[in-house]
Amino acid sequence: MATLLFQAAGAALGGVFGPIGAIGGRAAGALAGSVVDRALINGSQTISGARLGTARIPGADEGTAINRLYGTARIGGTLIWATRFEEEVTSERTGGKATGPRVETFRYFANFATGLCEGPIAGVRRVWADGREIDLTAIEMRVYRGEEDQLPDPLIEAKQGDGLAPAYRGLAYVVFERLPLDVFGNRIPLLQFEVLRPVGTLESQIRAVTIIPGATEHGYQTGQVTEKTSEGSGRIINRHTTTALTDWQASIDELQALCPNLKRVALVVSWFGTDLRAGHCRILPGVEVDERRDESDPWSVAGIDRGSAYLISRRDGGPAYGGTPSDASVRAAIADLKARGLKVCLYPFVMMDIPPGNGLSDPHGGEEQAAYPWRGRITCHPAPGQAGTADKTAAARTQVEAFGGGAEGYRRMVLHYAELAVDAGGVDGFIIGSELRGLTQLRDEADRFPFVEELVDLAADVRARMDAATKITYGADWSEYFGYHPQDGSGDVFFHLDPLWASPDIDAVGIDNYMPLSDWRDEDLAEVNPDGFAARDDAAGMARQIAAGEGYDWYYASDADRFSRKRSPISDGLAGKPWVFRYKDISDWWWHPHFDRVGGAERAVPTAWTPGMKPVWFTELGCPAVDKGANQPNVFVDPKSAESSLPYFSSGGRADSQQRRFLEAHHDHWQGGDAPEGMVDPGHMFVWSWDARPQPAFPDDLSIWSDGSNWRTGHWLNGRIGGTTLADAIAAILIDHGIENFDVSAMSGDLSGYVQADLISARALIEPLMDVFQIDAVEDSGRISFLSRLGSSLKPHEIIVLVDIEDEPLWTENRGHDSDFPAEAALTFYNPMLDYEQASARSRPVAAESRRVLGYDLPATLSEETALGAVETALRANRIARRTLSFAISPSEQAIETGMRSGLSMDRMGHSWSSGSRRVRCAGSRRGTMRLFLRPVQT
């Protein structure tokens, strides 16, 4: 690990500049790094004089360890350079203008640099001075990320002399220029920093992302927007952070800092649908409130002012959604994104504002329309499959035409944003809609698809308004893009979107990709997962499922089949083209001509699609940060919506690592050599989603944004990228120590941040994590494999022969008394929701015979629920260990390793004599009818 090395200059410096940090002070570990070159600390003498006789400049001891950070955490800084305080004198008379006494007021300012940690970092989100968060827009603070090629700070170089200033390469540090000291008692305050240092791969993989919320009246505005709240007071509508002048600036700054290879963004702008019946649905721009006093930038969309706009429904005392972004804010956002060097894709979006108790006739047969449903449920009335359905009749076309046309139709929204994009100087891409599956699958009396025809015409109208360089597409749902298979028993197949994909005005096949990549169950912990997953977060396993598994090789014919894991193979008895029914088989769909099937036969003439004619874009790609999210990535939790749901077999627990592994698997596959060249454009994989509302105000402040509680298990990237996981942190530690032959694929779990500050071994740094999160490490032929003890998929190894050692029993079983084992587990950690204050999580059974406590003190940033899950798991594992079994095994059983499950077949056990035996001690897990299942914990 690197240390600070200073050259004595003048008087000796004092001690370390404050504590190393609330987290760093307890950090468990230090790794290799770069040594900071000699750093001259100028002006280290105490400033003396009648005006400021007690001023001190804190310093750093030579040899102080440089922090090493994994993920995001709050750490202290170490003073590495400073000048004498600058004095500013203000003189003014008091009393009479000519005769009053003259009073001199003195103010002091500090110039100094503070070292943070080894670099490179992504950035600094917040700063605390003497425990209070400071407004970074009111001071001059420059951040140096710790790159190996960073240049000296201009202030330091000006003070030290040309060519004499250190660049502190490899060290992340900040420089404060003329920091006012009056509010800190004329001294340099104790400073702490929220630092983001990604150690995983996802951040560098992301090239495109969607920006939401889409429903935010002024959230996309780059300048401050104010309103009057009462006489003599007002508020800034679009600033809820101390790091920038607007929410937009703070959020997008952080996005670019975290994702260095980001090239494109899709800016979501939402209008509101009012009805699931296509013929009755209005598409309108909406507002949260019908009046704002003295709004500095009056809201206006498509020529509609606030007083004339649609008022969004109310829920729990507030609006159910934010309002449509004002046209001025959308223009400003486009201009800002382009100025940042990003390419912009404009994404008009429909949100359904249908509250509960709406009393509207439900096309799907319910008593009334579902509350706040998915836009994909807009359809004809009655819907396909319902008695008297309008599908396959002329009425379907009539209803579709009513939805698209008219003064409040869908076309108005799309064409308005096409014109706005041109007015804003043009955009790189434009999405004419997404996931309108209930409309695209409607047929008229001649088996034509009227809404698909509407989209084709709409694409032509958008193209006529836009520059030829603008790429246009439609974001089809992953269950929609590849064809329509009517569930009417006909066996018909329609490549219904092919007229759109083949249109000369469409440049790419857009897919909102939420295809499942796993079928993990808790029962897989006791058996081998049928898809070969080592653990729930196995990224390699997910990568194998991108072109395999559910939706490719097999499907579940019913919920009962899913529950029992009865898999039906996907086949095609008509033409031997199973890819026709495989939504995951993008490759074969892309490479082959398409033939509709009607009446049990393929049509002789293919559709307008020609193989490989256009690239595929993932207009959305996402996974919720929830347990088993990869089982069903398209679902989300939102209590107000009828669509709210957990993925199949999910516990509902937060799992940031599940989202990260899912996205990494896709990026590895499509950016690597596994995908056909030219098929999926890796530069147009728009990850869903980044929010323009900045951390931590969103999601913490529920008084401002009611959907903040949905963030915990939602699809948001904010507050997740920039952090780390258990697997990533341990991998980074090993790599920093020069250990590259390891495997962490069988590990699961979240870890927001981990800090070290002392010169100790990698083992000492990793062991606390292994203890708290029940991780085993096994070495085999020089390769170290880590696995979550209670979270990995391992089939029990059956042992049928034990070694009989003279004068020793064949096997022994020990049972510890309850009083010998802890009845409670406690973990102290640092909670990011509490500004990284130290917190504790405890687990204790209702009744216990012991007062012993299993305690852990972990220098890590964790969410509260992650910490609670860890102590519950640790206590359970400790109590399971009360029952142990000891026996000797022969050389033929050398495959047994720490962490494996083993079974002794008592009904057919044999024994042998061997000089090469070894004794194994196992902790009891559970008893079967004829077999005792065990877990080796020590050899």
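What counts, and where the lines are drawn
- Residues numbered from 1 in each chain as written.
- Predicted model: local features only at pLDDT ≥ 70, side-chain atom pairs only at ≥ 80, totals over all residues.
- Heavy atoms only, no water.
- Pairing = 2+ DSSP bridges.
- Helix = DSSP H or I, 4+ residues; strand = E, 2+ residues; numbered from the N terminus.
- Axes fitted to C-alpha atoms, helices over the stretch in contact; angles between N-to-C directions.
- Contact = heavy atoms within 4.5 Å.
- Expected span 1.5 Å × (residues − 1).
- Buried < 20%, exposed > 50% of the residue type's maximum accessible area, 1.4 Å probe, protein only.
- Parallel < 35°, antiparallel > 145°, perpendicular 65-115°, else oblique.
- Left-handed = near helix turned anticlockwise from the far one by under 90°.
- Nonpolar A, V, L, I, M, F, W, Y, C, P; charged D, E, K, R; others polar.

Undergrad: Explanation requested: the sheet that holds strand 35 (residues 775-780) in the structure shown.
TA: With respect to topology, 3 strands assemble into an open sheet ordered 32-36-35, the strand pairing being mixed. With partners counted over all chains shown, the strands left at the sheet margins are strand 32 (742-746) and strand 35, one partner each. Neighbour to neighbour, the strand axes of the sheet diverge by 20° on average, direction disregarded. With 6 bridges joining them, strand 35 and strand 36 (residues 783-788) adopt antiparallel strand pairing. Each residue of the ladder has a partner; that of Asp780, found in strand 36, is Arg783. Taken strand by strand, helix 15 (residues 726-736) contacts strand 32, strand 35 and strand 36, and its axis lies near 180° from that of strand 32. Sheet contacts for helix 16 (residues 762-773): strand 35 and strand 36; angle to strand 35, the most-contacted strand, approximately 120°.

Undergrad: Even after reading the chapter, I still don't get helix 6 (residues 410-423), so can you show me in this structure?
TA: Here helix 6 contains 14 residues, and its C-alpha end-to-end distance of 20 Å stays within 8% of the 20 Å for a straight helix at 1.5 Å per residue. Where helix 6 is concerned, the buried positions are Tyr410, Met413, Val414, Leu415, His416, Tyr417, Ala418, Leu420 and Ala421. Where helix 6 ends, the next residue or the one after it, Gly425, has phi of about 100°, a positive value.

Undergrad: Can you walk me through the packing of helix 15 against helix 16 in this structure?
TA: The packing of two helices is summarised by the inter-axis angle and the distance between the axes. Across the interface, helix 15 lies against helix 16 with an axial gap of 10 Å and an inter-helix angle of 165°. If you check the angle between helix 15 and helix 16, you find them roughly antiparallel. Seen from above, helix 15 lies across helix 16 with left-handed handedness. Taking contact as the criterion, the partners of Leu726, Ile730, Ile733 and Leu734 in helix 15 are, on helix 16, Ala762, Leu765, Ile766, Leu769 and Phe773. Its residues placed into classes, the contact of helix 15 with helix 16 shows 9 nonpolar, no polar and no charged.

Undergrad: Would you mind going over the sheet that holds strand 41 (residues 837-843) with me for this structure?
TA: With mixed pairing, 8 strands are arranged side by side in an open sheet as 6-5-9-1-34-42-40-41. The sheet is open, and its two edges are formed by strand 6 (132-133) and strand 41, each paired on a single side. The sheet contact formed by strand 1 (residues 68-76) and strand 9 (residues 191-197) spans 6 bridges and is antiparallel. For Thr72, the partnering residue across the bridge sits in strand 9 and is Leu196. Along the sheet, helix 15 makes contact with strand 1 and strand 34 (753-756), crossing strand 1 at roughly 95°. This element, helix 17 (residues 864-880), spans strand 40 (824-831), strand 41 and strand 42 (853-861) of the sheet and lies at about 155° to strand 40.

Undergrad: Would you mind showing me how to read helix 3 (residues 247-258) here?
TA: In an α-helix, one turn spans 3.6 residues; hence positions three or four apart end up facing the same way. Between the first and last C-alpha of helix 3 there are 17 Å, a value that for 12 residues agrees with the 16 Å anticipated at 1.5 Å per step. Those residues of helix 3 that sit buried are Asp247, Trp248, Ala250, Ser251, Ile252, Glu254, Leu255 and Leu258.

Undergrad: Teacher, can you tell me more about the pairing of strand 41 here?
TA: Remark: a regular strand shows side chains that alternate across the two faces of the sheet. Of the strand pairs in this sheet, strand 40 and strand 41 are connected by 7 bridges, and their pairing is antiparallel. The partner of Thr828 across the bridge, within strand 41, is Ser840. Hairpin geometry of strand 40 and strand 41 is characterised by an intervening segment of 5 residues between the two adjacent antiparallel strands and by a positive phi of about 55° at Asp835.

Shape is all these values report; function is a separate question.
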